[in-house]
Each structure stands twice: as C-alpha cells, then as structure tokens.
Amino acid sequence: VQLVQSGGGSVQAGGSLRLSCVVSGRTFSAYGMGWFRQAPGKEREFVAAINWNATETEYLDSVAGRFTIARDNAKDTVYLQMNSLKPEDTAVYYCGVGRFPGDLKFCVELAYSYWGQGTQVTVFS
C-alpha cells in the first residue's frame, strides 16, 4: 500500500492551499481516509477525516469551516482544501488510510494503517 501526497507549500495568512493524497495497493473506495498534522515540537494531531462513501466527515474544531476534506473514488484520491489559513496551521500534514474496510474512528491515529510521506504547509503572517 502506498500513499503519495502532493500540494502544500508556503502561503500568506488568509490564503488557500490544497493537499492531495493518491492511494495505491488497496481498494480505496472501501476505506475511510484522514488527514493529521504535526507542528514542530508537538504531537501529531487529527485534522479531518471522511468515511468510505463520503457520507460522514469530521474536523478538528479549529479548522472546521475553513478546511474541507473530499474524496474521488474514481481517482483513488483524497483532498484537503484549506482556506483562510493561519500561522498556527503551519505543520507537516499526513494522509492516512483506515486500517479496516468500512467506517473508522476518525480521530484515533491507531485507526489508520498506512501514511503518506508528509507535506510541509507553512503559513506566514
């Protein structure tokens, strides 16, 4: 199983970025997907997740209303659209695929079995 991330970069506060994560080696449409992030000196934290059929999503409170997670099962890809970015959003972002088919406990890191390589997002004021 391989997760390949793209997107990210540096942006001024208030700007937008979109992250993508392509999954191979697994029946993508059967698994929930999530995004986590890790800032320097901090533990990895949950950001957003979407269930296998895109009927449920969940967000970290501080990003709700600014970030949107979406998936395209035809392209085996999950996205994270990030708008109104703030300096505190600066982190390395990781996508993860659920450990088992079907729904998953979105916020629990152990619910995910494979991770992308990480993508740096830097927001400057």
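This write-up is about the structure you can find in this document.

1. Let's talk about the pairing of strand S3 (residues 17-24)
Moving on, step 1. Bridge count between strand S1 (residues 2-7) and S3: 6 bridges; the pairing is antiparallel. Within S3, the position partnered with Ser 6 by the bridge is Ser 20.
Moving on, step 2. Across 6 bridges, the pairing between S3 and strand S8 (residues 77-82) is antiparallel. When the bridges of S8 are listed, Cys 21 appears paired with Val 78.

2. Comments concerning the pattern of salt bridges
Moving on, step 1. The tally for this structure, following the rule as stated, stands at 4 salt bridges.
Moving on, step 2. Note that Asp 89 and Arg 37 form a salt bridge whose closest N and O atoms lie 3.0 Å from each other. Residue Asp 89 is located in the loop between S8 and strand S9 (91-98), and its partner Arg 37 is located in strand S4 (residues 33-38); the two are separated by 52 residues in the primary sequence.
Moving on, step 3. By relative accessible area, which is 6% here, Arg 37 ends up buried.
Moving on, step 4. Connected through salt bridges with shared partners, the residues Arg 37, Glu 45, Arg 66 and Asp 89 form a single ionic network.

Conventions used here
Residues numbered from 1 in each chain as written. Predicted model: local features only at pLDDT ≥ 70, side-chain atom pairs only at ≥ 80, totals over all residues. Heavy atoms only, no water. Pairing = 2+ DSSP bridges. Helix = DSSP H or I, 4+ residues; strand = E, 2+ residues; numbered from the N terminus. Salt bridge = Lys/Arg side-chain N within 4 Å of Asp/Glu carboxyl O. Buried < 20%, exposed > 50% of the residue type's maximum accessible area, 1.4 Å probe, protein only.

Keep in mind these values describe shape, not function.
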